[in-house]
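# Topology and contacts: notes
Each chain is listed here by its residues.
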Amino acid sequence: MVGACYASPLCTWFVAACMSVSHGDSRQSAVALKSTGRSRRSRQLTTTKCSAFSGSGTIHPALVNNHNNAFSSLFGSNTVSLNRNQTRLNRPASSGGAMAVAMDMEKEAKVDMKPPTEQRRVVVTGMGVETSLGHDPNTFYENLLQGNSGISQIENFDCSEFPTRIAGEIKSFSTEGWVAPKLSKRMDKFMLYLLTAGKKALVDGGVTEEVMAEFDKTKCGVLIGSAMGGMKVFQDAIEAMKISYKKMNPFCVPFATTNMGSAMLALDLGWMGPNYSISTACATSNFCILNSANHIIKGEADVMLCGGSDSVIIPIGLGGFVACRALSQRNNDPTKASRPWDSNRDGFVMGEGAGVLLLEELEHAKKRGATIYAEFLGGSFTCDAYHMTEPRPDGAGVILCIERALADAGISKEQINYINAHATSTPAGDLKEYQALARCFGQNPELKVNSTKSMIGHLLGAAGAVEAVATVQAIRTGWVHPNINLESPDNGVDTNLLVGPKKERLNIKAALSNSFGFGGHNSSIIFAPYK
């Protein structure tokens, strides 16, 4: 809507510029509006720039040329030309038309603009996990600190014919006391992991039935996504269909969709606030966490359960990634298979599980006496716009994402001294992320970087949430977990930036967690100790 657009800083500037050209300075005062943005965050764009970009904040022309090349390669053409209609769409509007639109926008803005509001702060008050290294945050993180690996031989099905036969598979899992037995038999595992991790986050956050009774359930929401959804339910439906459609599970469609996990948890809790899912491949969890925080900041929610869940260690899931040639084949030594930044890595290792954060508005949390684990400062998303699966060679999308996350959090890059990297153990991805991080933060002598995936593998849509739990645990404990299997670092990798083979003490000032996904999805979120 016009009014909503006009409230943005860009549109405000545009209207002010139009008015000043045609009507003189007297008009400027009518459209000079106070920002209703985040008062606590100063948007320090000038202090958060990384060297890949010019001081003006615009992308270098060479990067634009790379974008055009990527576009042509994706669609199989060496040249990209605009047709007549596209050219017409790109022409600037006439001054008269623009002025009329600007005046209409000004009128609507006077009605639609909300008064400035005090910044609402977002804190983490609970966490829940389901992983191959533990089913609660403390056990999970203690195993990470000890450098234990959750990678092992796949036992869930016969994979002897596959070139990859290892994964971060959850060996023991129970829904008893968390999910009704009838639903446990029908639901896909991604939903079961989601439901149990979500409820465990509430328990961890001290949300008893008595506490829940005091919540305004219209301002409690659930935003837990999945990259792959109910693939096992869908696979079973295909097998049943081979016999007859009458053999199909009547719940196969709803239980296969990525949104149904959040929906079922909200239904169970009676929470009527924001409820949906986001699916951005392996960046899913970070997208869900940042959007949940924004719902709280905007006053649309006071409490949000957010994160991600995935379970695709099944024939169709394993086969699909084998076909992509993305998986490690180090079958005889599973615990050594996931080795980010090591020159001998041969692909990533699949994992499964769920991670859920309980985010809460600060005053709401303080009022009920909640334990505050950390504060969520902000984050950002960008798109590489380069290739379906390969990272952008110049790292521009990742760097831009980090810059915007820092600006959103209102902190400088010097304040970041811990990074939980996406680092999946793939040849191209690890190095490109490292180069982007070194370019942005390499001058910080306190910086430490690690990859949780070295021990649990890649949990796909759940990766970011589980790694967010690890990040918050690092803030709480003052310990950062090791990078295991880093025996022969890539050329150009400065191991001084990376956590070594043993856990290390670190007084974290602010922590960044990255997640990237197929399709060029980049995401960065930032946590800090609550003060």
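Residues numbered from 1 in each chain as written. Predicted model: local features only at pLDDT ≥ 70, side-chain atom pairs only at ≥ 80, totals over all residues. Heavy atoms only, no water.

A water-sized probe, rolled over the atoms, reveals where empty space remains. Estimated volume of the second largest pocket: approximately 660 Å³. Elements with a minimum of two residues in the lining of the second largest pocket: α17 (396-409), α18 (427-441) and β12 (511-517). Broken down by element, the residue count for the lining of the second largest pocket peaks at six residues, all from α18. The residue inventory of the lining of the second largest pocket, partitioned by class, reads 15 nonpolar, 14 polar and seven charged. (1 Å grid on protein atoms, 1.4 Å probe; cavity = no way out; pocket = protein on both sides within 12 Å on 5 of 7 lines; lining within 4 Å. Points joined across faces, edges and corners; volume = space filled by probe spheres on them. Helix = DSSP H or I, 4+ residues; strand = E, 2+ residues; numbered from the N terminus. Nonpolar A, V, L, I, M, F, W, Y, C, P; charged D, E, K, R; others polar.)

Below, the discussion takes up the pattern of salt bridges. By the definition in use, this model includes 21 salt bridges. Between R121 and E375 there is a salt bridge; the shortest N-O distance is 2.8 Å. Taken together, the residues span a long stretch of sequence, with R121 in the loop between α7 (95-112) and β1 (122-130) and E375 in strand β7 (residues 374-383) at a distance of 254 residues. Looking at R121, the relative accessible area reads 23%, which means it is partly exposed. For E375, a relative accessible area of 4% puts it in the buried group. Its salt-bridge partner being D236, residue K232 comes within 2.9 Å of it at the nearest N-O pair. With K232 and D236 both in helix α12 (residues 231-243), this residue pair falls four residues apart, about one helical turn. Under the relative-accessibility criterion, K232 is labelled partly exposed at 33%. (Salt bridge = Lys/Arg side-chain N within 4 Å of Asp/Glu carboxyl O. Buried < 20%, exposed > 50% of the residue type's maximum accessible area, 1.4 Å probe, protein only.)

Here we take up the environment of V493. Summarising the element assignment, V493 is placed in the loop between β10 (479-480) and β11 (504-505). What makes V493 buried here is its relative accessible area of 11%. Separated by 58 residues in sequence, V493 and Q435 have C-alpha atoms that sit 8.3 Å apart.

What follows is about helix α15 (residues 315-323). Buried residues of α15: G317, L318 and F321, and no others. Across the axial projection of α15, the buried residues extend over an arc of 95°, all falling on one side. Tucked into the core, α15 has its buried residues touching α12. Looking one or two residues past α15, R325 carries a phi angle of roughly 60°, positive in sign. (Arc of directions from axis to C-beta. Contact = heavy atoms within 4.5 Å.)

The next thing to look at is unusual backbone geometry. One non-glycine residue, W341, adopts positive backbone phi at about 65°. Turning to its location among the elements, W341 is positioned in the loop between α15 and β6 (353-361). Even without being a glycine, L460 presents a positive backbone phi close to 55°. Locating L460 in the fold gives a position in the loop between α19 (453-456) and α20 (463-477).

This brings us to the packing of aromatic side chains. A full pass over the atoms with the stated rule returns six aromatic pairs. Ring geometry for F251 versus F255: centroids 5.2 Å apart, planes at 15°, classification stacked. Taking the relative accessible area as the measure of exposure, F255 reaches 3% and is therefore buried. Ring centres 5.4 Å apart and planes at 80° place the aromatic pair F376 and F527 in the edge-to-face group. (Phe/Tyr/Trp six-rings, centres within 6.5 Å; stacked < 30°, edge-to-face > 60°.)

With respect to the helices and strands, N417 occurs in the loop between α17 and β8 (418-420). At a separation of 3.0 Å, a polar atom in the side chain of N417 contacts the main-chain carbonyl oxygen of N507. (Polar contact = N/O pair within 3.5 Å; in protein donor to acceptor, adjacent residues only side chain to side chain.)

Taking 1.5 Å per residue, 15 residues should reach 21 Å; α18 reaches 22 Å between its end C-alpha atoms and fits that length. Regarding α18, the residues found buried are D430, E433, Y434, A436, L437, C440 and F441. Projected onto a plane normal to the axis of α18, the buried residues spread over an arc of 165° and lie on a single side. Next to the buried residues of α18 lie α17, β8, β9 (448-450) and β12. (Expected span 1.5 Å × (residues − 1).)

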